[in-house]
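Descriptive analysis of the structure
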There are 2 protein chains.
Amino acid sequence: MVRTVVVHDEELMRSALVQLLRSEGTLEVSSMSPGAGPPDQDALPTDVWVMDGDCLWGPGQAHDEPFRSRCGDRLVVLTTAKRPGILRRAFDGGALGLVDKNAPAHRLITAVHTVAKGQRFLDQTLTVALLEGAEMPLTTRELSVLSLASQGAPMAEIAARLHLSRGTVRNYMATAIRKVGARNRVDAIRILQSAGWT
Amino acid sequence: MVRTVVVHDEELMRSALVQLLRSEGTLEVSSMSPGAGPPDQDALPTDVWVMDGDCLWGPGQAHDEPFRSRCGDRLVVLTTAKRPGILRRAFDGGALGLVDKNAPAHRLITAVHTVAKGQRFLDQTLTVALLEGAEMPLTTRELSVLSLASQGAPMAEIAARLHLSRGTVRNYMATAIRKVGARNRVDAIRILQSAGWT
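Residues numbered from 1 in each chain as written. Chains lettered and ligands numbered in written order. Predicted model: local features only at pLDDT ≥ 70, side-chain atom pairs only at ≥ 80, totals over all residues. Heavy atoms only, no water.

**Re unusual backbone geometry**
All names here are of chain A.
- Located in the positive-phi region is His163, a residue other than glycine, with phi close to 55°.
- As for its placement among the helices and strands, His163 is situated in the loop between α7 (155-161) and α8 (166-179).
- Exposure remark for His163: the relative accessible area of 74% places this residue in the exposed category. (Helix = DSSP H or I, 4+ residues; strand = E, 2+ residues; numbered from the N terminus. Buried < 20%, exposed > 50% of the residue type's maximum accessible area, 1.4 Å probe, protein only.)

**What about the interface of chain B and chain A?**
- With 36 residues of chain B at the interface, the matching set in chain A holds 36 residues.
- Interface area, chain B with chain A, both sides summed: about 2,800 Å², of which 61% is carbon and sulfur.
- Sorting the residues of chain B by area buried against chain A places Leu12, Met13 and Val186 of chain B first, and these three jointly supply 23% of that buried surface.
- In this assembly, chain B and chain A are joined by two salt bridges.
- Here Glu157 of chain B ties to Arg183 of chain A by a salt bridge, and the two come within 2.6 Å at their closest N and O atoms.
- At the junction of chain B with chain A, the criterion picks out 12 residue pairs in polar contact (both at pLDDT 80 or more).
- Counting only elements with at least two residues in the side of chain B that touches chain A, the list comes to α1 (11-22), β5 (97-100), α4 (105-116), α6 (140-150) and α9 (185-195) of chain B.
- At eight residues, α1 of chain B tops the list of elements feeding residues into the side of chain B that touches chain A.
- Of the residues in the side of chain B that touches chain A, the class split is 16 nonpolar, 10 polar and 10 charged. (Contact = heavy atoms within 4.5 Å. Buried area = accessible area lost by both parts, 1.4 Å probe. Salt bridge = Lys/Arg side-chain N within 4 Å of Asp/Glu carboxyl O. Polar contact = N/O pair within 3.5 Å; in protein donor to acceptor, adjacent residues only side chain to side chain. Nonpolar A, V, L, I, M, F, W, Y, C, P; charged D, E, K, R; others polar.)

**Here we look at the sheet that holds strand β6 (residues 121-122) of chain A**
All names here are of chain A.
- Reading across the sheet, the six strands line up as β2-β1-β3-β4-β5-β6 and stay open at both edges, with parallel pairing between neighbours. The sheet terminates laterally at β2 (27-32) and β6, the two strands that pair on one side only.
- Taken together, the four bridges between strand β4 (residues 75-79) and strand β5 (residues 97-100) define a ladder with parallel strand orientation. Opposite Val76, over in β5, you have Gly97 as the bridge partner. (Pairing = 2+ DSSP bridges.)

**Remarks on the environment of Ala111 of chain A**
- As for its position among the elements, Ala111 of chain A is in helix α4 (residues 105-116).
- Separated by 35 residues in sequence, Ala111 of chain A and Val76 of chain A place their C-alpha atoms 7.3 Å apart.

**With respect to the side chain of His8 of chain A**
- On the secondary structure map, His8 of chain A appears in the loop between β1 (2-7) and α1 (11-22).
- Judged by relative accessible area, His8 of chain A falls into the buried class, the value being 3%.
- A polar atom in the side chain of His8 of chain A sits 3.0 Å from the side chain of Asp52 of chain A.
- In this structure, His8 of chain A is in contact with Met13, Arg14, Leu17, Met32, Ser33, Pro34, Asp52 and Cys55 of chain A together with Met13 of chain B, ignoring residues within four places of it in sequence.

**Observations concerning the sheet that holds strand β6 (residues 121-122) of chain B**
Residue and element names in this part refer to chain B.
- Strand order across the open sheet formed by six strands is β2-β1-β3-β4-β5-β6, with parallel pairing between neighbours. Edge positions in the open sheet fall to β2 (27-32) and β6, since each of these has one partner strand only.
- The sheet contact formed by β5 and β6 spans two bridges and is parallel. Its bridge partner being in β6, Leu98 is matched across the sheet by Leu122.
- The sheet strands contacting α1 are β1 (2-7), β2, β3 (48-52) and β4 (75-79), and the helix crosses β2 at an angle near 175°. (Axes fitted to C-alpha atoms, helices over the stretch in contact; angles between N-to-C directions.)

**Concerning the packing of α1 of chain A against α4 of chain A**
Residue and element names in this part refer to chain A.
- Put simply, α1 and α4 touch, their axes get as near as 10 Å, and they point 75° apart. Regarding the angle of α1 to α4, the classification is roughly perpendicular. On α4, the residues that touch Leu17, Leu20 and Leu21 of α1 are Ala105, Leu108, Ile109 and Val112.
- The class makeup of the residues in the contact of α1 with α4 is seven nonpolar, no polar and no charged. (Parallel < 35°, antiparallel > 145°, perpendicular 65-115°, else oblique.)

**Some thoughts on the pattern of salt bridges**
All names here are of chain B.
- Under the defined criterion, the tally for this structure stands at 22 salt bridges over all chains.
- Between Arg74 and Asp73 there is a salt bridge, with the nearest N and O atoms lying 3.4 Å from each other.
- Note that Asp123 and Arg107 form a salt bridge whose closest N and O atoms lie 2.2 Å from each other. Of the two residues, Asp123 sits in the loop between β6 and α5 (124-132) while Arg107 sits in helix α4, which places them 16 residues apart along the sequence.

**Some details on the nonpolar core**
- If you look at the biggest cluster of nonpolar residues, it comprises 50 residues, and the most contacted ones within it are Leu108 of chain A together with Leu108 of chain B.
- In contact with Leu108 of chain B, other than residues within four places in its own chain, are Leu12 of chain A together with Leu17, Leu20, Leu21, Val50, Val76, Leu78 and Val99 of chain B.
- Residues Ala153, Ile177 and Trp197 of chain A together with Val180 of chain B belong to the second largest nonpolar core, which totals 46 residues. (Core = buried A, V, L, I, M, F, W, Y, C linked by side-chain atoms within 4.5 Å.)

**Overview of the packing of α6 of chain B against helix α7 (residues 155-162) of chain B**
All names here are of chain B.
- Between α6 and α7, whose axes approach to 10 Å, the crossing angle comes to 135°. It follows from the interaxial angle that α6 and α7 lie oblique. Handedness of the α6/α7 crossing: right-handed. Where α6 abuts α7, its residues Arg141, Ser144, Val145, Leu148 and Ala149 lie against Ile158, Arg161 and Leu162.
- In terms of residue class, the contact of α6 with α7 is made up of five nonpolar, one polar and two charged. (Left-handed = near helix turned anticlockwise from the far one by under 90°.)

**Notes on the pairing of β4 of chain A**
Residues and elements named next belong to chain A.
- In terms of residue burial, β4 counts as a mostly covered element, since five of its five residues are buried.
- Because side chains alternate across β4, one face comprises the buried residues Leu75, Val77 and Thr79, and the other comprises Val76 and Leu78, equally buried.
- Of the strand pairs in this sheet, strand β3 (residues 48-52) and β4 are connected by four bridges, and their pairing is parallel. When the bridges of β4 are listed, Val50 appears paired with Val76.
- Between β4 and its parallel partner β5, the chain crosses via helix α3 (residues 84-92), and the hand of that crossover is right-handed. (Right-handed = clockwise from strand over helix to strand, strands pointing away.)

Listed below in structure tokens is the structure:
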């Protein structure tokens, strides 16, 4: 039996994924909320983690050390080709399994068994998106500026929080808009969010 | 047996919800993609529809006539208290069941049985959000302006598409920002989107 833990922030979807994985009879499945933090040292060892990509704890959190040090690379992330940012972060974070949310259920079960053996599982439908989203187009600074703007912060506040002048913030913003091929600030935020970069 | 159809746009989550509903043994469960459009006239009659609120076909689509005329009010919508816009649209659209995605699985099964009898099922955790989101704060025009802006359209394009002058668009925008208590345009879009109004 492969010991599998499902991580999802909505209890109903968590239970549904647990039922799906149990249906085959070869997996021993439990679940946890991402908010519960890294699992207890005393918890039973887990062979494979299954996590909804939208529940990764914000940008870069797939790399979150306390969690990663416990779960290692035996991680299957569920996402779609429309979210190259999440795909890329999961891949760069070392997740062995990437499964398309639009795939049939047996693909997820195959992915869990593959990752349990320490092998990589990558849905073909996600490969192109992963290659296209090869690199985050923005620098850390440009991303910070857009990320604060997306939370509704005005220019002056962004400048103050990043210890920059307003002119510099305006320059970062203009460069970011151009780089992602957006028509304006709102458009740039929309593009980054839908790709899963912020 | 209550004949239940799950509607979700991601196949994996659709299969997972089907497994969850089947686990109790009193429901006959099938599923469809929202993209598949309203069900065939020749399809077997359905007692209850279960639908993810995030998969409603955009603003107002819970009211979509071809679908509504087939599914009637025997509809259970899954959402969270953080999405008063979706809650409100589902409620106003006549959905009898509103289930919190953070509820335990047996709540959903109870909801399906309750709605199958033509009775209302409303998760307590959603009641407050439903009352708070009592009314959409914006007029149709103000919402159209913000909705186009959220897709990245510049002011001139919004004016052209709505057959308004730029000054009028600016006025609608300013009123909308004030009404939702936002700090600026990006903030107003963020507030409306996270509440599920656009």
